[in-house]
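Residue strings, one per chain:
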Amino acid sequence: GAVVSQHPSWVICKSGTSVKIECRSLDFQATTMFWYRQFPKQSLMLMATSNEGSKATYEQGVEKDKFLINHASLTLSTLTVTSAHPEDSSFYICSARDVRGDTQYFGPGTRLTVL
Amino acid sequence: AQSVTQPDIHITVSEGASLELRCNYSYGATPYLFWYVQSPGQGLQLLLKYFSGDTLVQGIKGFEAEFKRSQSSFNLRKPSVHWSDAAEYFCAVGPPNDYKLSFGAGTTVTVRA
């Protein structure tokens with residue numbers, strides 16, 4: 001099946017720093033990628049939809065200036081958490097939609113801990 | 001607006017017993033429906049999906065799900081669970097041709113020997 005990777009798998013940073021998370025579709029092209037956030041023992045909450053070559057669409061309540069998304073190519077989207085604070089600590093998961101089909105494939109997630 | 005309800009937060013089953021996870025959705029028409037499984041610290045793996053056609057859908061790992069329009073349900077079943085099926089299961093719904101999914105709260109499955 002299709003594979004989506006995320007890097008890094010986990011990151012610890014100091015409050016006030018910025019962290020970049022990469023999401024790559026390894027064996028297919030993805031015009032659309034999605035970024036989710038998952039708190040412990042909770043479901044996934046969609047943060048934004050990322051379309052290759054255009055601006056991301058953010059869900060209500062998600063600060064676009066804090067969570068910068070860049071979808072520079074058909075296989076790569078990045079999420080940058082700017083000026084991270086402890087409340088940004090979470091599990092961030094991306095997914096990618098295969099242009100040939102109707103299925104989203106999910107990455108393994110990135111655990112962000114802000115001290 | 002679309003929404004998903006998974007009524008069972010936690011289910012414990014014996015290995016070899018059958019399993020059924022409930023999912024109810026709210027949507028104006030027939031949505032796309034999905035079941036995903038998540039192991040601890042991992043991303044989500046697609047078990048199966050329903051777009052249209054036969055309402056009984058077969059998935060990977062011996063799972064199946066049945067779409068019942070009259071009940072707005074998409075319950076997941078497995079006839080005989082294995083210890084490796086212990087995980088978190090998420091039901092998700094999305095509008096046709098729009099891939100913004102809404103997820104249920106998840107059901108944790110524990111398998112006892």
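Residues numbered from 1 in each chain as written. Chains lettered and ligands numbered in written order. Predicted model: local features only at pLDDT ≥ 70, side-chain atom pairs only at ≥ 80, totals over all residues. Heavy atoms only, no water.

### Here's the deal with the pattern of salt bridges
So the rule is basically this: A pair is scored as a salt bridge if a Lys or Arg side-chain nitrogen falls within 4 Å of a carboxyl oxygen belonging to Asp or Glu. The way it works is that DSSP assigns letters per residue, a run of H or I at least four long becomes a helix, a run of E at least two long becomes a strand, and they are numbered from the N terminus. For the exposure calls, accessible area comes from a 1.4 Å probe over protein chains only, and a residue counts as buried if that area is under 20% of its type's maximum, exposed if over 50%, partly exposed in between.
Tallied over the full model, the rule gives seven salt bridges over all chains. Of the charged contacts, one joins lysine 66 of chain A and aspartate 88 of chain A as a salt bridge, the two residues approaching to 2.9 Å between their closest N and O atoms. On the criterion of sequence distance, the pair formed by lysine 66 of chain A in the loop between strand S6 (57-58) and strand S7 (67-73) and aspartate 88 of chain A in the loop between strand S8 (76-81) and strand S9 (90-98) is long-range, its members being 22 residues apart. Given a relative accessible area of 13%, lysine 66 of chain A falls into the buried group. In this structure aspartate 88 of chain A comes out as buried when scored by relative accessible area, which is 4%. Residues glutamate 66 of chain B and arginine 77 of chain B are paired through a salt bridge, measuring 3.4 Å at the closest nitrogen-oxygen approach.

### Here we look at a nonpolar patch on the surface
All names here are of chain A. Heads up, the rule is: Patch membership is restricted to residues that have no salt bridge and whose relative accessible area is over 30%. Joining uses 9 Å for like charges and 5 Å for the nonpolar side chains Val, Leu, Ile, Met, Phe, Trp and Tyr. Methods summary: accessible areas were calculated by the Shrake-Rupley approach with a probe of 1.4 Å, and residue burial reflects only the protein chains presented.
A cluster of nonpolar side chains, Trp10, Ile12 and Leu115, forms an exposed patch at the surface whose accessible area comes to about 390 Å². The topology assignment puts leucine 115 in the segment after strand S11 (110-114). Residue classification places leucine 115 among the exposed residues on the basis of a relative accessible area of 62%.

### Examining the interface of chain A and chain B
Quick note on the threshold: Note on contacts: a residue pair qualifies if any of its non-hydrogen atoms lie within 4.5 Å across the two residues. Throughout, the accessible surface (probe 1.4 Å) given up by two parts as they are put together, summed over both, is called the buried area. Polar contact is the term for a pair of N or O atoms within 3.5 Å; when the atoms are in protein, one must be able to donate a hydrogen and the other to accept it, and sequence-neighboring residues count only if both atoms are side-chain atoms.
If you look at the interface, chain A gives 19 residues, while chain B gives 18 residues. Taking both partners together, chain A and chain B bury about 1500 Å²; carbon and sulfur atoms supply 56% of that area. Summed over the shared surface of chain A and chain B, the result is one salt bridge. Between the two partners, chain A and chain B, sit four residue pairs in polar contact (both at pLDDT 80 or more). Of all elements in the fold, only strand S4 (30-38), strand S5 (44-51), S9 and strand S10 (104-106) of chain A reach the threshold of two or more residues within the side of chain A that touches chain B.

### Notes on the nonpolar core
To be explicit about the condition: Among buried residues, those of type Ala, Val, Leu, Ile, Met, Phe, Trp, Tyr and Cys that are joined through side-chain atoms within 4.5 Å constitute a nonpolar core.
Core analysis: the largest hydrophobic core is formed by 26 residues, its most contacted members being Trp35, Leu48, Phe74, Leu76 and Tyr89 of chain B. Elements with a contribution of two residues or more to this core: strand S2 (10-14), strand S3 (19-21), strand S5 (32-38), strand S6 (44-50), strand S8 (64-68), strand S9 (73-78), strand S10 (87-94) and strand S12 (107-112) of chain B. When sequence neighbours within four positions are dropped, the list of residues in contact with phenylalanine 74 of chain B reads Cys23, Leu33, Phe34, Trp35, Leu48, Lys49, Tyr50, Val57, Ala65, Glu66 and Phe67 of chain B. Grouped together as the second largest cluster of nonpolar side chains are 23 residues, Cys13, Met33, Trp35 and Ala56 of chain A included.

### Quick notes on the pairing of S7 of chain A
Residue and element names in this part refer to chain A. This is how it is decided: Pairing between two strands is assigned when DSSP locates at least 2 bridges connecting them.
Across five bridges, the pairing between S7 and S8 is antiparallel. In the sheet register, serine 73 faces S8, and the bridge partner there is leucine 76. Connecting S7 to the antiparallel partner S8 that follows it, the hairpin turn spans two residues.

### Observations regarding unusual backbone geometry
All names here are of chain A. Here the residue pair histidine 7 and proline 8 is connected by a cis peptide bond, since its omega of 0° sits within 30 degrees of zero. Positionally, proline 8 belongs in the loop between strand S1 (4-7) and strand S2 (10-13). At serine 83, a position not held by glycine, the phi torsion is positive, near 45°. Secondary-structure assignment places serine 83 in the loop between S8 and S9. Taking the relative accessible area as the measure of exposure, serine 83 reaches 33% and is therefore partly exposed.

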